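# Results of the structural survey
Here are the chains, one letter per residue:
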Amino acid sequence: YEAKQKRSGWSIFSERNTQLGHQRLRLRADLEGALSEWQIKFHYQPKVELNSGNVIGVEALARWYHPTDGILAPVHFIDLIEQSGRVQEFGRYVIQSAIQQLALWKTQGLSTPIAINLSPYNLLDPDLLDFTLALLKQHSIGTKQLEIELIESSTSINIDYIASRLGDFKRAGIALAIDDFGTGMSSLSYISNLNVNDIKIDRSFISDIEKDLKKQAIVSAAITLATSFDCNAIAEGIETKAQSDILIKMGCLYGQGYYFAKPMRADEVEALLLSNTSLPLA
Ligand code: C2E
Ligand code: MG
Ligand code: MG
Ligand code: MG
């Protein structure tokens, strides 16, 4: 009986895997349309000052508005793009979309910075900075309004090369953040060599932080590290008031998470920014 249970358990699992495999093959084939027809759009999640709930910026998070599968999160397609030949094109697309949004918001009197996520693959593009600066100039937008969050994909790309690319962005006035801090291998060298502006403490250390002493110790160390490198610690994935409160007590000034606001469509975040209200909404 037990063996039979196991067998059927396995067959359900492998059937599900096959389905997922089919979807991924299909999505890979659909990538062409995604990029050429602007099917990938961005949702925006506010970053707040924990004490006041004031919005200090927003992070652009990619969503694929797929013609048949609905709105897909990055987990379904970012790695497909990175394995395709179009990863540098995608990096430009992300930057262009953010700058277009900044230009639109500018006409409404908004000057909230947008942070974009770039992986080392995006940064292999040698002309990415020139592309970025030309677009910013075209729309009369200052470099201070664009921020780069470096996400660490598992990669064998030469880290010194990526660091020097990032250094060029930093010297041009574009702020740098290390994303998912605590989960990668190379963060420490980036932070000391590049004078990064922000360290984003990974969500895995924030969940249950109010109960978990080990996580408190890790987050506390990250905050100390940020302070000694003269950069901001930003806590990711804050889901409760208790988590926000303990982070404030520990000296973390900034954060992001469902407790304050989920990622929102451009028109929704625009209404929020125009209303100038603090988060979370009552
Ligand atoms: P990330 O940059 O660390 O973004 C934070 C992720 O955590 C987002 O997931 C966000 O929706 C989610 N999140 C925010 N607050 C909470 C919370 O309180 N609880 C929980 N459970 N989750 C929360 P999302 O949008 O699915 O993005 C996942 C990752 O995909 C991002 O992680 C980033 O690494 C990558 N990504 C997103 N957009 C882009 C892009 O344009 N380019 C590249 N290369 N990567 C991107
Ligand atoms: Mg990010
Ligand atoms: Mg992150
Ligand atoms: Mg994270």
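The name recorded for the chain in an unreviewed UniProt entry is EAL domain-containing protein, from Marinomonas primoryensis.

Tallied over the full model, the rule gives six aromatic pairs. Residues Trp64 and Phe77 carry aromatic rings whose centres are separated by 5.8 Å and whose planes lie at 85 degrees to one another, so their mutual orientation is edge-to-face. Here Phe77 lies in the loop between strand E3 (70-72) and helix H2 (78-83) and Trp64 lies in strand E2 (residues 55-66), a separation of 13 residues in the sequence. With 4.8 Å between their ring centres and 65 degrees between their planes, Tyr259 and Phe260 make a pair best called edge-to-face. With relative accessibility at 6%, the residue Phe260 sits in the buried group. Through pairs of rings, three or more aromatic residues link up here, namely Trp38, Phe42, Phe90 and Tyr93. Its guanidinium or amino end placed over the ring of Tyr65, Lys41 lies 6.0 Å from that ring's centre, counting from NZ or CZ. Geometry around Tyr258 places Lys262 over its ring, the cationic atom sitting 4.8 Å from the centre.

Protein-derived coordination of the magnesium ion (ligand 2) comes from Glu59 (OE), Asn117 (OD1), Glu149 (OE) and Asp179 (OD), at a distance range of 2.0 to 2.2 Å. Read N to C, the donor residues that coordinate the magnesium ion (ligand 2) are spaced as E-x57-N-x31-E-x29-D. Separation of the magnesium ion (ligand 2) from the magnesium ion (ligand 3) amounts to 3.9 Å, with Asp179 serving as a shared donor to the pair. Taken together, the positions of Glu149 in strand E5 (residues 146-150) and Asp179 in strand E6 (residues 175-181) put the pair 30 residues apart, joining distant regions of the chain. The class of Glu149 is buried, set by a relative accessible area of 0%.

Under perfect tetrahedral coordination by four donors, a metal shows angles of 109.5 degrees; under perfect octahedral coordination by six donors, it shows angles of 90 or 180 degrees. Taken together, Asp180 (OD), Asp202 (OD) and Glu236 (OE) make up the full set of protein donors to the magnesium ion (ligand 4), lying 2.2 to 2.6 Å away. Between consecutive donors of the magnesium ion (ligand 4), the numbers of intervening residues give the motif D-x21-D-x33-E. In this structure the magnesium ion (ligand 3) is found 3.0 Å away from the magnesium ion (ligand 4), and Asp180 serves as a bridging donor for the pair. Of this pair, Asp180 sits in strand E6 while Glu236 sits in the loop between strand E8 (232-235) and helix H8 (241-249), placing them 56 residues apart in sequence. Its relative accessible area of 26% is what places Asp180 among the partly exposed residues.

Let us now look at the environment of Leu102. Its location among the elements puts Leu102 in helix H3 (residues 87-107). Dropping the residues within four chain positions of it, Leu102 is found in contact with Thr112, Ile114, Ile141, Gln145 and Leu146.

Before going further, it helps to examine the side chain of Thr132. The residue Thr132 is located in helix H4 (residues 128-138) in this model. Taking the relative accessible area as the measure of exposure, Thr132 reaches 0% and is therefore buried. Filtering out sequence-adjacent residues up to four positions away, Thr132 remains in contact with Ile95, Ile99, Leu146, Phe169 and Ile174.

The rules behind these values
- Residues numbered from 1 in each chain as written.
- Chains lettered and ligands numbered in written order.
- Predicted model: local features only at pLDDT ≥ 70, side-chain atom pairs only at ≥ 80, totals over all residues.
- Heavy atoms only, no water.
- Phe/Tyr/Trp six-rings, centres within 6.5 Å; stacked < 30°, edge-to-face > 60°.
- Helix = DSSP H or I, 4+ residues; strand = E, 2+ residues; numbered from the N terminus.
- Buried < 20%, exposed > 50% of the residue type's maximum accessible area, 1.4 Å probe, protein only.
- Lys NZ or Arg CZ within 6 Å of the ring centre and 35° of its normal.
- Donors = N, O, S within 2.8 Å, 3.2 Å for Na, K, Ca; no water.
- Contact = heavy atoms within 4.5 Å.

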